Amino acid sequence: MRLILIGPPGGGKGTQAKFLIDHFAIPQISTGDMLRKNVHDKTNLGLEAQKFMNLGKLVPDSVILQMMQSRINETDCSNGYILDGFPRTIPQAEGLDDLLSELEQKLDHVVEINVPDNLIITRLSNRRSCKECGQVFNLIFEPPTTAGKCNTCNGELYLRDDDNAATIQQRLSVYHNQTKPVIDYYSKQGLTQVINAIGTIDEIRLEILKNIVL
Ligand code: AMP
């Protein structure tokens with residue numbers, strides 16, 4: 001199963017990907033997580049990417065495509081993968097097509113998680129992530145049992161640098177201008193399924209599964 005999850009920042013792609021990796025026993029490939037790890041490890045790629053990420057802008061396509069080329073060639077991807085947060089631009093989608101044809105692979109589904117902007121703003125400004133294990137909470141919809149602490153590892157919860165009001169607006173505008181056209185790109189190939197993600201996490205998960213398993 002080769003699947004793309006596409007949707008606005010904070011739309012629940014990461015949360016849904018976590019269910020799907022268990023269901024299909026394939027890895028989740030999140031470009032955002034890969035970039036954040038590089039920023040944390042202070043690699044050259046991380047130092048370059050951080051400038052764009054902190055402003056809510058996209059990291060250049062060439063950087064992302066090079067990173068993805070190595071990732072999808074790794075052995076754990078041989079039975080498939082879930083792409084979370086990639087491709088985000090038309091050049092990235094075209095670059096992915098080239099990578100797939102070199103590997104003689106095809107995409108099975110592109111799932112668009114559709115969430116209205118006003119809900120995204122509420123979700124992102126209340127999102128908290130664990131510094132240790134990366135688990136994501138929401139102060140309104142999914143609060144941690146103990147304030148400021150992760151339920152799983154007791155690590156400290158923090159607000160991501162790019163989850164502030166100004167950067168959220170910038171990321172939403174990038175999404176509408178640069179990533180929405182990617183959805184049309186895949187719709188023309190008959191690959192897109194649209195999920196209206198208003199409901200509980202479980203309801204959305206079932207809706208996704210219903211659309212891709214049949
Ligand atoms: P995310 O965690 O997916 O919301 O990504 C956080 C930030 O990482 C984005 O706002 C971008 O700056 C950068 N980023 C993640 N994925 C990509 C991508 N496919 N192309 C360009 N920039 C990306």
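Within every chain, residues take consecutive numbers counted from 1 along the sequence as written. Local features are withheld for residues below a pLDDT of 70 in this predicted model, meaning they are given only at 70 or higher, and side-chain atom pairs are given and counted only at 80 or more; totals for whole chains, interfaces and linings count all residues. In computing side-chain properties, one takes all heavy atoms of the structure into account and sets aside hydrogens as well as water.

Student: I'm lost on the packing of aromatic side chains in this one. Help?
Tutor: Two measures describe an aromatic ring pair: the distance that separates the ring centres and the angle between the ring planes. Put simply, two rings from Phe, Tyr or Trp (the six-membered ring, in Trp's case) pair if the centres are within 6.5 Å, and we call them stacked under 30 degrees between planes, edge-to-face over 60, tilted for the rest. With the rule as written, the count across this model stands at 1 aromatic pair. Relative to Y186, the ring of Y185 lies with its centre 5.2 Å away and its plane at 85 degrees, an arrangement referred to as edge-to-face. No difference in accessibility class separates Y185 from Y186, as the two residues are buried. Only protein chains enter the accessibility calculation, which uses a 1.4 Å probe. A residue is then buried if its area is under 20% of the maximum for its type, exposed if over 50%, and partly exposed in between.

Student: What is the right way to look at the pattern of salt bridges in this model?
Tutor: Two side chains carrying opposite charge are able to pair once their charged atoms lie near each other. Any carboxyl oxygen of Asp or Glu that lies within 4 Å of a side-chain nitrogen of Lys or Arg is treated as forming a salt bridge with it. In total, this model carries 13 salt bridges according to the counting rule given. Note that E156 and K131 form a salt bridge whose closest N and O atoms lie 3.7 Å from each other. In this pair, E156 sits in the loop between β6 (136-138) and β7 (157-158) while K131 sits in the loop between β5 (127-130) and β6, placing the two residues 25 residues apart along the sequence. In this structure E156 comes out as partly exposed when scored by relative accessible area, which is 43%. With its nearest N and O atoms 3.3 Å apart, the salt bridge here joins E207 to K210. With E207 and K210 both in helix α8 (residues 201-213), this residue pair falls 3 residues apart, about one helical turn. Classification of E207 by relative accessible area gives partly exposed; the value is 31%. Residue classification places K210 among the exposed residues on the basis of a relative accessible area of 52%. Put simply, DSSP marks the helices as runs of H or I at least four residues long and the strands as runs of E at least two long, and each gets a number from the N terminus on.

Student: Can you walk me through the site of the ligand in this structure?
Tutor: Proximity is defined per residue: if any heavy atom of the residue lies within 4 Å of a molecule or strand, that residue is considered near it. Lining the immediate surroundings of the ligand are 15 residues, of which T31, R36, K57, G85 and Q92 lie closest. At 3.0 Å, a side-chain N or O of R88 approaches a nitrogen atom of the ligand. When the ligand is considered free in solution it has 480 Å² of accessible area, and contact with the protein chains removes 96% of it. For the shell around the ligand, the element with the most residues is helix α2 (residues 31-40), which contributes 4 residues. When residues are sorted by character, Ala, Val, Leu, Ile, Met, Phe, Trp, Tyr, Cys and Pro go into the nonpolar class, Asp, Glu, Lys and Arg into the charged class, and all the rest, Gly among them, into the polar class. Per-class residue counts for the shell around the ligand are 5 nonpolar, 4 polar and 6 charged. Pairing of N or O atoms within 3.5 Å defines a polar contact, subject to two protein rules: one partner must be a possible hydrogen donor and the other a possible acceptor, and residues neighboring in sequence count only if both atoms are side-chain atoms. The accessible surface values rely on the Shrake-Rupley method and a 1.4 Å probe; as for residues, cover is taken only from the protein chains in view.

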